[in-house]
Amino acid sequence: MTADATALARTLTAIDGRGYGVYKQLKGSYDLGVCRLVVDHVQVDPYAPPSLMRMVVDPASADLPEDLLSDHRGRVATTDFLARAVARAAAELGEGISTGAPGQEVLERTSVALTSDVVEARLAVALPAAGRRIRGREAARLLTEDLPRLAQSALLHANLDAEALREHVTLHRDQEALRDQLAERGLVAFVGDGAILPRRAGDSDLPLADGAVPFASPSSLRVEFSLPSGRCVSGMGVPDGVTVIVGGGYHGKSTLLRALAKGVYPHQSGDGREWVITRNDAAAIRAEDGRAVTGVDISPFLTGLPSGADTRAFSTTNASGSTSQAASLIEAVDAGASALLIDEDTSATNMMFRDERMRALVPAEREPITPFVDRVRPLLTERGVSTVLVAGGSAAFLDVADHVIALDEYIPRDVTDQARALAEHRAPAPAADVFAAAHPRTPSAGSLRPPGKKKPASARGWGTIRLGHEHIDLSALSQLVDAAQTQAIAHALDRLAELLDAPGPGGAPLALEQATTALCERIDAEGLDVLSPHHGHPGHLARPRPLELHAAVNRCRGLRLERGPASSDVR
């Protein structure tokens, strides 16, 4: 039975001053007039994470325009808009209400849900306390007065900026429609004219307010897109193949690459990168000393180790810079990446190139590492994977580049012809059978259920997941942009464990790729809520890409495979 606001206020007043654990009796449903408040989980300790609640509004009362909800992209953009409205209203209240506030990217989230039956905002609420004593009168005001006002202002179309909502949805649909056209136009990415790429600070994702140079595409790379809204945008197309970005220090090379890496997600209006659109399966790769590697074929880059270790199924608990980068690259390609984004500054030098003097000093037969410069073209011809690479200190990649873009005070120029004139035309490495076809890796039963795991996997900020006693380090995954994505990955590891530990078709266990695909298809069909172990309130989750799901599993130190020899890293 659903109580009303008066009954809820009376209950809270009655328990004023009692022990915090008495709040537990609030669990249930309450009619607050403009919305129904559902209290799903109440913490019994004021120093624990906030309690979980939902504000539920009838769709007829919300009266959201049906045409904005007619497709998945429209629903994602509408829920994002509502989530931002709820976050702003909660911040104005200043009452310890958390909503999983969105950042600059527009992501599929659980903080607001839209169905044919409800419009629902999911909140985390710190119930008022004085030490470990209930402040019931403050709680009554928060739950019976402030929350209805929040629902009134943020969930009802009549009180929203209707024009801004429609523009938000239209922009999102146009961005995704442009992304749909990239592959057929032979492009890895697009950077719109007028884009503002620099950020305000190293720890801020907001656009640089003063002094930013708007992006202007070179005429030889300029392309145009006509979009569903009737809008036409122009800018620089980054072609398939091998593209090298050069230029002096602090002239914008890495800034451009970072924008391309974040361009796998759509951005809100005013971000400056609204029209930086990258294929959603592009992977940023870097060296990552110390990461775990399990059963990865890094033989295209490392063979003949002095230890005799088999690099066709390489494992280590403490990878060096070169082996970590080689493993991350192969893992991303096997997981479906169609393009790699690599910055020389965050790469292992010996993984990237060897100059001619070093090649003469250390003969090839004594060097187990084949540098990326000798593999970037076979990667394209054999696996169809493009590369966009920032080169600041070596001209080695000019020999193998299809396109060279120079940044001069943030202004790009196409210098491909000049670069070709300077290239030394090094004899190419053997081009046949360098990269084997992706081979499935099958985790052993229990790999994602380590000893000591009694609780669901959980995120610690955006860069760490706790799985049993293990902490999985995701800090090198630069395309994770929100802690809510990391929390979703944590829950996804538990769902993957269920799939991997159950018999697959014909009784055989599922390979990691099969399990990840099955989980993503389930999210597509049932929504992001299916990842959560909780009924009702799923917590604040944002959808990660399959590439990051694979990356998290690959960095799990407890991962074991059904077959394949193990080896140790040699630094």
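As the structure is a computational prediction, the values presented were derived from the model and not from experiment.

*Asks:* How would you sum up the pattern of salt bridges? Please name residues and give values.
*Replies:* Within this structure, the stated rule accounts for 32 salt bridges. A salt bridge links R84 to D80; the nearest nitrogen and oxygen atoms lie 2.7 Å apart. Here R84 pairs with D80, and both are found in helix α3 (residues 72-93), just four residues apart, close to one helical turn. No difference in accessibility class separates R84 from D80, as the two residues are buried.

*Asks:* Account for the side chain of S29, with residues named and values stated.
*Replies:* Tracing the chain through its elements places S29 in strand β2 (residues 28-31). Judged by relative accessible area, S29 falls into the buried class, the value being 16%. Within the structure, S29 has its side chain in polar contact with the side chain of R36 (distance 3.5 Å).

*Asks:* Please provide a residue-by-residue account of the side chain of T387, values included.
*Replies:* Tracing the backbone through its elements, the reader meets T387 in strand β21 (residues 386-390). Relative accessible area serves as the criterion here: at 1%, T387 is assigned to the buried category. In this view, T387 contacts G241, V242, T243, L340, F372, V376 and L379; residues no more than four positions away in its chain are not counted.

*Asks:* Just give me the short version of the sheet that holds strand β10 (residues 187-192), but keep the residues and values in it.
*Replies:* In space, the four strands of this open sheet follow the order β13-β14-β10-β16, with antiparallel pairing throughout. In this open sheet, the two edge strands, each paired with only one partner strand, are β13 (222-226) and β16 (276-278). Neighbour-to-neighbour, the strand axes of this sheet turn through a mean angle of 35 degrees, independent of strand direction. As paired elements, β13 and strand β14 (residues 232-239) share five bridges and run antiparallel to each other. In the sheet register, S226 faces β14, and the bridge partner there is C232. Set on the sheet, helix α5 (residues 162-182) makes contact with β10, β13, β14 and β16; between it and β16 the angle comes to about 45 degrees.

*Asks:* Break down the packing of aromatic side chains for me, citing the residues and quoting the values.
*Replies:* In total, this model carries five aromatic pairs according to the counting rule given. A ring pair is formed by Y20 and Y23, whose centres lie 4.9 Å apart and whose planes are at 80 degrees; its orientation type is edge-to-face. The exposure class assigned to Y20 is buried, which follows from its relative accessible area of 6%. Judged by its relative accessible area of 0%, Y23 falls in the buried class. Taken together, the ring pairs in this structure connect F301, F372, F397 and F435 into an aromatic cluster. The ring of F225 is capped by R185, whose NZ or CZ atom sits 4.3 Å from the centre of that ring.

*Asks:* Provide a residue-level description of the nonpolar core, including the pertinent values.
*Replies:* Core analysis: the largest hydrophobic core is formed by 49 residues, its most contacted members being Y23 and L143. Listing elements by their share of this core, those giving two or more residues are α1 (5-14), β3 (36-41), β4 (51-57), α3, β6 (112-114), β7 (119-125), α4 (136-154) and α5. Contacts of Y23, omitting those with residues within four sequence positions, involve L12, I15, V42, L127, P128, I134, R135 and A139. Among the nonpolar cores identified, the runner-up in size contains 48 residues, and A283, I342, L379 and L547 belong to it.

*Asks:* Lay out the packing of α1 against α4 with the relevant residues and their values.
*Replies:* Two quantities define a packed helix pair, namely the angle between the helix axes and the distance between the axes. Put simply, α1 and α4 touch, their axes get as near as 7 Å, and they point 160 degrees apart. Judged on the interaxial angle alone, α4 and α1 are roughly antiparallel. Crossing angle aside, the handedness with which α1 passes α4 is right-handed. Within the contact between the two elements, α1 uses A5, L8, A9, L12 and T13 and α4 uses G136, R137, A139, A140, L143 and T144. Here the contact of α1 with α4 is composed, by residue class, of seven nonpolar, three polar and one charged.

*Asks:* How would you explain the confidence of the model for the chain if you had to name every residue and give the values?
*Replies:* On average, residues of the chain carry a pLDDT of 92, and 94% of them reach 70 or more. Counted against residues more than four places away or in other chains, residues 564-571, with its pLDDT under 50, gives 28 contacts.

*Asks:* Before we move on, can you summarise helix α14 (residues 546-554) with the specific residues and values?
*Replies:* Counting buried residues in α14 gives eight out of nine residues, a clear majority hidden from the surface. Those residues of α14 that fall on the buried side of the exposure criterion are L547, E548, L549, H550, A551, A552, V553 and N554. Looking at the buried positions of α14, the neighbouring elements they touch are β17 (282-285), α7 (321-334), β26 (470-473), α12 (483-501) and α13 (512-526).

*Asks:* Any chance you could break down the packing of α12 against α13 for me, citing the residues and the numbers?
*Replies:* The N-to-C vectors of α12 and α13 enclose an angle of 120 degrees; their axes lie 10 Å apart at closest approach. In terms of orientation, α12 lies oblique with respect to α13. Of the two elements, α12 crosses α13, and the hand of that crossing is right-handed. On the side of α12, the interface is formed by A492, R495, L496, L499 and L500, while α13 contributes L512, A515, T516, A518 and L519. Each residue belonging to the contact of α12 with α13 can be placed in one class, and the counts come to eight nonpolar, one polar and one charged.

*Asks:* Would you mind going over the environment of A89 in detail, with residue names and values included?
*Replies:* Structurally, A89 is set in helix α3. Residue classification places A89 among the buried residues on the basis of a relative accessible area of 11%. Not counting residues up to four positions away in its chain, the partners in contact with A89 are L150 and S153.

*Asks:* Before we move on, could you go through unusual backbone geometry and cite the residues and values that matter?
*Replies:* Its identity as a non-glycine residue notwithstanding, E409 has a phi of 50 degrees, on the positive side. Looking at the element boundaries, E409 is found in the loop between β22 (403-408) and β23 (411-414). Residue E409 is classed as exposed on the basis of its relative accessible area, which comes to 55%. Positive phi, close to 70 degrees, is recorded for Y410, a residue that is not glycine. Looking at the element boundaries, Y410 is found in the loop between β22 and β23.

*Asks:* An account of the sheet that holds strand β20 (residues 339-343) is needed here, citing residue identities and associated values.
*Replies:* Read from one edge of the open sheet, six strands run β17-β20-β21-β15-β22-β23, paired in mixed fashion. One side of each edge strand has no neighbouring strand; the edge strands of this open sheet are β17 and β23. This sheet shows a mean twist of 20 degrees between the axes of neighbouring strands, independent of strand direction. Relative to β22, strand β15 (residues 242-247) is paired through five bridges, and the arrangement is parallel. By the bridge assignment, V244 is partnered in β22 with V404. Packed on one face of the sheet, helix α6 (residues 253-262) meets β15, β17, β20, β21 and β22 and runs near 150 degrees to β20.

Cut-offs and rules
Residues numbered from 1 in each chain as written. Predicted model: local features only at pLDDT ≥ 70, side-chain atom pairs only at ≥ 80, totals over all residues. Heavy atoms only, no water. Salt bridge = Lys/Arg side-chain N within 4 Å of Asp/Glu carboxyl O. Helix = DSSP H or I, 4+ residues; strand = E, 2+ residues; numbered from the N terminus. Buried < 20%, exposed > 50% of the residue type's maximum accessible area, 1.4 Å probe, protein only. Polar contact = N/O pair within 3.5 Å; in protein donor to acceptor, adjacent residues only side chain to side chain. Contact = heavy atoms within 4.5 Å. Pairing = 2+ DSSP bridges. Axes fitted to C-alpha atoms, helices over the stretch in contact; angles between N-to-C directions. Phe/Tyr/Trp six-rings, centres within 6.5 Å; stacked < 30°, edge-to-face > 60°. Lys NZ or Arg CZ within 6 Å of the ring centre and 35° of its normal. Core = buried A, V, L, I, M, F, W, Y, C linked by side-chain atoms within 4.5 Å. Parallel < 35°, antiparallel > 145°, perpendicular 65-115°, else oblique. Left-handed = near helix turned anticlockwise from the far one by under 90°. Nonpolar A, V, L, I, M, F, W, Y, C, P; charged D, E, K, R; others polar. pLDDT = per-residue confidence, 0-100.

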